[in-house]
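Residue-level structural notes
Given next are the chains, with one letter for each unit.
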Amino acid sequence: MKVIIAQIINGIALGSIYVLLVTGFNLMFLVGKIIHFAYPYIVVISMYACWGLLKLTNNPLIAVFGTIISSILLHIMVEPLFRHINTRKGPIDINSSFIVSLGIALILTEIMSHQLNYGFPIAFPLNWMSSSIFLEINLIRISTGQLYTLLVSILIALALFILIYQTQLGRAFRAIAENISKARLQGIPILRLNLLLYGIAGLLGGIIALLFSMLIGSASPWLGEYIALKVLAVAIVAGLGNMKGGLICGLVLGIVESLIIHFLPGSWSNALAFLMMLFVILIRPRGIFNKNSIES
Amino acid sequence: MAPNREKIILKIENMTVRYGPIFALKKVNLKIAQGEIVVLIGSNGAGKSTLLKSIIGLEKPTEGHIIYQEKEISLWGPDHITRFGIFLIPEDGGIFRTLTVEENLQLGAYHFFSQYQERIEVVIKLFPVLKERLKQVAGTLSGGEQRVLAFGKALMSNSRILMLDEPSIGLSPKYIVQIFETIQALNQRGYTILLAEQNVIQASKYANRIYVLENGQIVLNGNASDLRNHPRIKEAYFGS
Ligand SMILES: Nc1ncnc2c1ncn2[C@@H]1O[C@H](COP(=O)(O)OP(=O)(O)OP(=O)(O)O)[C@@H](O)[C@H]1O
Ligand SMILES: [Mg+2]
């Protein structure tokens with residue numbers, strides 16, 4: 001029993017990372033009108049930035065700010081590519097945005113597997129990992145890294161939901177999400193808000209990179225693909241663009257994975273998680289939380 | 001408010017708009033004086049919506065000028081133009097169906113959010129139905145209520161010229177009269193109105209002047225009282 005509780009705690013920490021990733025992904029889908037498959041890849045390369053900065057300066061403060069800034073810069077750099085697709089005359093082409101994002105993902109993977117650390121996985125210094133024990137009751141341990149992850153995730157998710165549902169900027173984002181031509185007609189400055197959106201996604205990505213590096217303490221060129229597939233799956237299972245659904249499904253995936261890892265050989269966790277998703281998609285093709293009708 | 005014929009607020013000169021090879025508008029000229037109600041009439045596909053869309057900046061003319069209060073605006077985008085006082089209520093009302101009534105009104109005041117409180121009071125006084133429905137999701141309003149919200153949203157902005165694309169479409173005769181009376185009331189409050197309509201009989205009762213569009217060209221224009229009896233209009237629209 002205690003082991004199960006311990007695994008659930010691990011799962012919640014991991015799940016909250018998924019939640020943040022899916023939230024960023026959904027935001028780009030709804031407001032940016034793109035399927036940003038490369039979003040988790042940019043998070044991973046920001047983890048590399050963090051690792052490099054720690055190695056160079058040994059200063060956690062520089063690492064924190066450097067990671068966030070590099071993530072924001074990377075997002076702003078790719079924005080013109082997507083803008084080019086989405087401002088062409090005619091309907092927005094979400095499929096070609098997916099191809100462009102896939103291309104970005106491949107390029108980032110190549111960079112990580114050839115240029116960075118000779119392609120070897122990177123390991124963060126032990127003190128960065130905050131694996132020190134915050135609380136221990138018998139076998140149940142909560143590390144400070146897990147605690148940070150949880151607290152910061154809750155704060156960030158809360159801040160994002162307030163931004164989206166309570167502020168004028170959020171209303172404008174939702175208006176764009178509903179109908180971009182109506183939003184344009186209304187006088188909402190689409191291009192400026194789009195740039196802002198990429199900035200926000202970059203900020204979020206930087207924070208995720210920091211949390212993830214503290215939580216798992218390592219990264220590799222293949223990590224991007226590993227989590228990107230899950231993020232895509234969670235987003236689709238919850239219902240593409242469904243923020244609240246993504247929150248719940250992300251947490252559930254984290255917990256389920258941690259439990260599976262405990263009871264079965266680790267390599268099974270992916271297969272089982274995807275099997276469950278396949279099952280859900282068969283029953284509810286438009287996701288658990290989206291209305292299963294043509295109207296959208 | 002009596003129109004001030006001396007003061008031209010919007011002027012379109014020789015404007016051509018194309019969709020690829022299709023000429024939707026050909027060398028259109030149009031003038032609107034401050035305080036007027038001007039009606040654009042024309043059958044389906046004549047180019048009415050295109051004309052309104054190019055004024056608001058959604059379509060870019062390939063030729064010609066749009067001059068608003070002495071400024072050339074034909075290259076501006078809609079965000080710029082709405083901020084400087086022109087607003088278009090499109091055929092579908094342009095309301096955001098997934099947002100609440102209140103959120104729609106807040107977005108209406110997008111560029112003037114600091115004045116939100118004053119404006120909302122004016123709008124609610126004009127359209128009291130909106131008051132009880134502020135928290136309702138706009139998509140669940142009745143068709144008529146959605147029209148009212150579209151008006152409310154437009155008035156939240158700082159517009160002087162209100163353009164409406166076929167506001168009477170799909171409404172019962174009684175409601176159509178109400179819509180036109182609302183338009184007239186807004187005109188009396190100082191709004192200059194440019195209206196695209198197929199409902200010539202109603203529109204011509206309220207209009208100061210009329211422009212007739214056919215195949216992207218202005219074929220006729222003049223005072224509403226004169227044009228109503230013009231043989232060409234009688235034949236085409238009154239069926240006599
Ligand atoms: N996006 C577009 N692409 C290509 N052609 C277009 C486009 N929009 C309008 N057109 C064409 O331009 C012409 C004018 O269309 P417009 O919508 O301005 O007409 P309208 O007078 O508003 O008609 P209606 O009364 O039916 O609304 C039509 O022939 C139409 O097919
Ligand atoms: Mg039209």
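Residues numbered from 1 in each chain as written. Chains lettered and ligands numbered in written order. Predicted model: local features only at pLDDT ≥ 70, side-chain atom pairs only at ≥ 80, totals over all residues. Heavy atoms only, no water.

The helix and strand tally for chain A stands at 11 helices and four strands. A globule of 296 residues ought to have a C-alpha radius of gyration of about 19 Å, and chain A, at 19 Å, matches this closely. Dimensions of chain A, computed from C-alpha atoms along their principal axes, come out at roughly 60 × 45 × 35 Å. The buried share of chain A, taken over its 296 residues, is 51%. Across chain A, every contact between residues at least 6 apart in sequence was considered, and the portion connecting residues at least 24 apart equals 75%. Total accessible area on chain A is roughly 13900 Å²; 73% of this is exposed by carbon and sulfur atoms. For chain A, the separation between the mean place of its 17 positive charges and that of its 8 negative charges on side chains is 9 Å. (Helix = DSSP H or I, 4+ residues; strand = E, 2+ residues; numbered from the N terminus. Rg over C-alpha atoms; globule rule 2.2 N^0.38 Å. Buried < 20%, exposed > 50% of the residue type's maximum accessible area, 1.4 Å probe, protein only. Contact = heavy atoms within 4.5 Å. Areas by Shrake-Rupley, 256 points an atom, 1.4 Å probe, with all protein chains shown as cover. Lys, Arg positive; Asp, Glu negative; His and termini not counted. Charge placed at Lys NZ, Arg CZ, Asp CG, Glu CD.)

Our focus in this paragraph is empty space enclosed by the protein. One pass over the structure, following the stated rule, counts four cavities of 30 Å³ or more. Here the largest cavity is characterised by a volume of approximately 140 Å³. Along the walls of the largest cavity sit 17 residues, with G32(A), N86(A), I180(A), I190(A) and N194(A) positioned nearest its centre. Those elements that place two or more of their residues in the lining of the largest cavity are α3 (60-86), α7 (180-185) and α8 (190-216) of chain A. The class makeup of the residues in the lining of the largest cavity is 10 nonpolar, four polar and three charged. Taken together, 13 residues form the lining of the second largest cavity, with I89(B), P90(B), R147(B), L164(B) and P167(B) sitting closest to its centre. Breaking the lining of the second largest cavity down by element, the ones donating at least two residues are α6 (143-156) and β7 (161-165) of chain B. (1 Å grid on protein atoms, 1.4 Å probe; cavity = no way out; pocket = protein on both sides within 12 Å on 5 of 7 lines; lining within 4 Å. Points joined across faces, edges and corners; volume = space filled by probe spheres on them. Nonpolar A, V, L, I, M, F, W, Y, C, P; charged D, E, K, R; others polar.)

Our next topic: helix α6 (residues 168-178) of chain A. Here α6(A) lies mainly inside the structure; eight of its 11 residues are buried. Listed as buried for α6(A) are Q168(A), G170(A), R171(A), A172(A), F173(A), R174(A), A175(A) and I176(A). Contact partners of the buried residues in α6(A): α1 (2-30), α5 (144-166), α7 and α8 of chain A together with α3 (101-108) of chain B.

For the rest of this paragraph, the subject is the packing of aromatic side chains. Under the criterion given, the structure shown has eight aromatic pairs over all chains. Arranged with centres 6.2 Å apart and planes meeting at 40°, the rings of F127(B) and F151(B) form a pair that is tilted. Of this pair, F127(B) sits in the loop between α4 (116-126) and α5 (129-132) while F151(B) sits in helix α6, and the two are 24 residues apart along the sequence. Accessibility expressed as a relative area gives 8% for F127(B), which makes it buried. By relative accessible area, F151(B) is classed as buried at 5%. Ring pairing ties together the aromatic residues F37(A), Y41(A) and F98(A), which thus form one cluster. (Phe/Tyr/Trp six-rings, centres within 6.5 Å; stacked < 30°, edge-to-face > 60°.)

What follows deals with the domain arrangement of chain B. The extent of an interface is frequently quoted as the accessible surface area lost upon association of the parts. Residues and elements named next belong to chain B. When its domains are assigned, chain B resolves into domain 1 (1-85 + 161-240) and domain 2 (94-159). A straight line from the C-alpha centre of domain 1 to that of domain 2 covers 24 Å. Listed per partner, the contact involves 18 residues of domain 1 and 14 residues of domain 2. Summed over both partners, the interface of domain 1 with domain 2 buries about 1300 Å², with 70% contributed by carbon and sulfur atoms. Across the contact surface, domain 1 and domain 2 share zero salt bridges. Between the two partners, domain 1 and domain 2, sit four residue pairs in polar contact (both at pLDDT 80 or more). Elements represented by at least two residues in the side of domain 1 that touches domain 2 include exactly α2 (78-83), β7 and α7 (173-188). Looking at the side of domain 1 that touches domain 2, the element that brings in the most residues is α7, giving five residues. Tallied by class, the residues present in the side of domain 1 that touches domain 2 amount to 11 nonpolar, four polar and three charged. (Domains from an automatic or database assignment. Buried area = accessible area lost by both parts, 1.4 Å probe. Salt bridge = Lys/Arg side-chain N within 4 Å of Asp/Glu carboxyl O. Polar contact = N/O pair within 3.5 Å; in protein donor to acceptor, adjacent residues only side chain to side chain.)

Turning next to the interface of chain A and chain B. On the side of chain B, 26 residues touch chain A, which itself brings 19 residues to the contact. Summing both sides of the interface, chain A and chain B together bury roughly 1900 Å²; the carbon and sulfur share of this comes to 57%. Taken together, the links from chain A to chain B amount to one salt bridge. For E103(B), the salt bridge goes to R174(A), with nearest N and O atoms at 2.8 Å. Breaking the side of chain A that touches chain B down by element, the ones donating at least two residues are α6, α7 and α8 of chain A. Per element, the largest residue contribution to the side of chain A that touches chain B is six residues, and it comes from α6(A).

Here the focus is the packing of α1(A) against helix α2 (residues 39-57) of chain A. Residue and element names in this part refer to chain A. Relative orientation of the contacting elements α1 and α2 amounts to 125°, with a least axis distance of 10 Å. In terms of orientation, α1 lies oblique with respect to α2. Here α1 and α2 pass one another in a crossing that is right-handed. Touching L21, G24 and F25 of α1 are Y39, P40 and V43, all from α2. (Axes fitted to C-alpha atoms, helices over the stretch in contact; angles between N-to-C directions. Parallel < 35°, antiparallel > 145°, perpendicular 65-115°, else oblique. Left-handed = near helix turned anticlockwise from the far one by under 90°.)

Turning next to the sheet that holds strand β1 (residues 4-19) of chain B. All names here are of chain B. What the four strands build is an open sheet, ordered β2-β1-β4-β5; its pairing is antiparallel. Only two strands of the sheet have a single partner each, and these edge strands are β2 (22-34) and β5 (71-72). Relative to strand β4 (residues 63-68), β1 runs antiparallel, the two sharing five bridges. In the sheet register, L10 faces β4, and the bridge partner there is Y68. This element, helix α1 (residues 48-56), spans β1, β2 and β4 of the sheet and lies at about 105° to β1. (Pairing = 2+ DSSP bridges.)

Attention shifts here to the site of ligand 1. All names here are of chain B. Around ligand 1, 13 residues are found, and the nearest of them are N44, G45, K48, S49 and T50. A distance of 2.7 Å separates an oxygen atom of ligand 1 from a polar side-chain atom of K48. Within the side chain of Q198, one N or O atom sits 3.0 Å away from an oxygen atom of ligand 1. Here ligand 1 loses 62% of its free accessible area of 640 Å² to cover by the protein chains. Its residues assigned to classes, the shell around ligand 1 comprises three nonpolar, seven polar and three charged. (Near = heavy atom within 4 Å.)

Our focus in this paragraph is unusual backbone geometry. What you tend to see is this: most non-glycine residues have negative phi, and most peptide bonds are trans. Residue and element names in this part refer to chain A. For N58, which is not glycine, the phi torsion reads 55° and is therefore positive. Along the chain, the position of N58 falls in the loop between α2 and α3. On the basis of relative accessibility, which here comes to 63%, the residue N58 falls in the exposed class. Although it is not a glycine, N117 adopts a positive phi angle of roughly 50°. Mapped onto the elements, N117 comes out in the loop between α4 (94-114) and β1 (122-123). Relative accessible area serves as the criterion here: at 22%, N117 is assigned to the partly exposed category.

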